[in-house]
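Read off the chains here:
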Amino acid sequence: KKPPNELFDRFANIQLLQNRRRMFSYRLQKTDGTVSDGGFGLGGEKLEPGDTICIILGCSVPVVLRWKTDHYVFVADSMLPKFMAGEAVAGMTGEEEFENFLIK
């Protein structure tokens, strides 16, 4: 019998689902402005539409940031099935542009 889907398989046994987590959908926008496919992830209960998911070099998980007038604030950590094991940096060539984030 086929499993329901990949997303279900990845999240079915995670206890965090019961610990005030919220499922969200996302789409990828690279620093060059191109938009590609997205997916689904898990984040904290305080997520709001328009929050930004960031892969920050040195962080062990993707983080959710919210833009305020002149800076970002940390909202929550997140779980993204396609970005939890180094996939975000695996294909880097050294020619990528990076964005700086002022987080308070």
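In the block above lies the structure referred to throughout.
Since the model is a prediction, treat every value here as computed from it, not as a measurement. Just so you know, the residues in each chain are numbered from 1, in the order the chain's sequence is written. Residues qualify for local features only when their pLDDT is at least 70, as the model is predicted, and side-chain atom pairs are given and counted only at 80 or more; totals for whole chains, interfaces and linings, by contrast, use all residues. Values shown for side chains rest on all heavy atoms present in the structure; no hydrogens or waters enter the calculation.

Engineer: Where do I start with the environment of Gly-38 in this structure?
Structural biologist: Looking at where Gly-38 falls in the secondary structure, it is placed in strand E2 (residues 35-44). Note on Gly-38: relative accessible area 23%, which makes it partly exposed. Counting along the chain gives 44 residues from Gly-38 to Lys-82, while the straight-line C-alpha distance between them is 9.4 Å. The residues touching Gly-38, leaving out its near neighbours within four places in the chain, are Tyr-26, Arg-27, Leu-28 and Lys-82. Think of it this way: any DSSP run of H or I at least four residues long counts as a helix, any run of E at least two long counts as a strand, and we number them from the N terminus. The classification of residues rests on relative accessible area computed with a 1.4 Å probe and restricted to protein chains. Under 20% of the type maximum is buried, over 50% is exposed, and intermediate values are partly exposed. A contact between two residues is defined here by any heavy atoms of the two lying within 4.5 Å.

Engineer: Quick question: what am I supposed to make of the nonpolar core here?
Structural biologist: As a rule of thumb, soluble globular proteins bury nonpolar side chains together. The set of buried Ala, Val, Leu, Ile, Met, Phe, Trp, Tyr and Cys residues whose side-chain atoms join them within 4.5 Å is what this entry labels a nonpolar core. Membership of the largest hydrophobic core is limited to eight residues, which are Phe-24, Tyr-26, Leu-47, Val-64, Val-75, Ala-76, Leu-80 and Phe-83. Elements represented by at least two residues in this core include exactly strand E1 (21-29) and strand E5 (72-79). In this view, Phe-24 contacts Gly-39, Phe-40, Gly-41, Leu-42, Gly-43, Leu-47, Ile-53, Ser-78 and Leu-80; residues no more than four positions away in its chain are not counted.

Engineer: Even after reading the chapter, I still don't get the pattern of salt bridges, so can you show me in this structure?
Structural biologist: Charged atoms that come close allow side chains of opposite charge to pair. By definition, a salt bridge exists where a carboxyl oxygen of Asp or Glu is found within 4 Å of a side-chain nitrogen of Lys or Arg. Evaluation of the coordinates by the stated rule reveals two salt bridges. Its salt-bridge partner being Glu-48, residue Arg-66 comes within 3.7 Å of it at the nearest N-O pair. Separated by 18 residues along the polypeptide, Arg-66 in strand E4 (residues 63-67) and Glu-48 in the loop between E2 and strand E3 (52-54) bring together distant segments of the chain. Relative accessible area serves as the criterion here: at 45%, Glu-48 is assigned to the partly exposed category. Taking the shortest distance from any N to any O, the salt bridge between Arg-66 and Asp-51 comes out at 2.7 Å. Of this pair, Arg-66 sits in strand E4 while Asp-51 sits in the loop between E2 and E3, placing them 15 residues apart in sequence. Exposure class is identical for Arg-66 and Asp-51. Each is buried.

Engineer: Is there a simple way to think about the layout of surface pockets in this case?
Structural biologist: A probe matching the size of a water molecule, rolled over the atoms, marks out where space remains unfilled. Grid points spaced at 1 Å over the protein atoms alone were grouped into cavities, where a 1.4 Å probe fits but cannot get out, and pockets, open sets with protein on both sides within 12 Å along at least five of seven lines, with lining residues defined by an atom within 4 Å of a point. Grid points are joined across faces, edges and corners, and a volume is the space filled by probe spheres set on the points. Estimated volume of the largest pocket: approximately 1400 Å³. Together, 37 residues line the largest pocket, and Gln-29, Lys-30, Ile-53, Cys-54 and Ile-55 are the ones closest to its centre. Of all elements in the fold, only E1, E3 and helix H2 (87-90) reach the threshold of two or more residues within the lining of the largest pocket. In terms of residue count, E1 provides more of the lining of the largest pocket than any other element does, eight residues in total. Along the lines of polarity and charge, the residues of the lining of the largest pocket split into 21 nonpolar, six polar and ten charged. Lys, Arg, Asp and Glu make up the charged group, whereas Ala, Val, Leu, Ile, Met, Phe, Trp, Tyr, Cys and Pro make up the nonpolar group; the residues left over, Gly among them, are polar.

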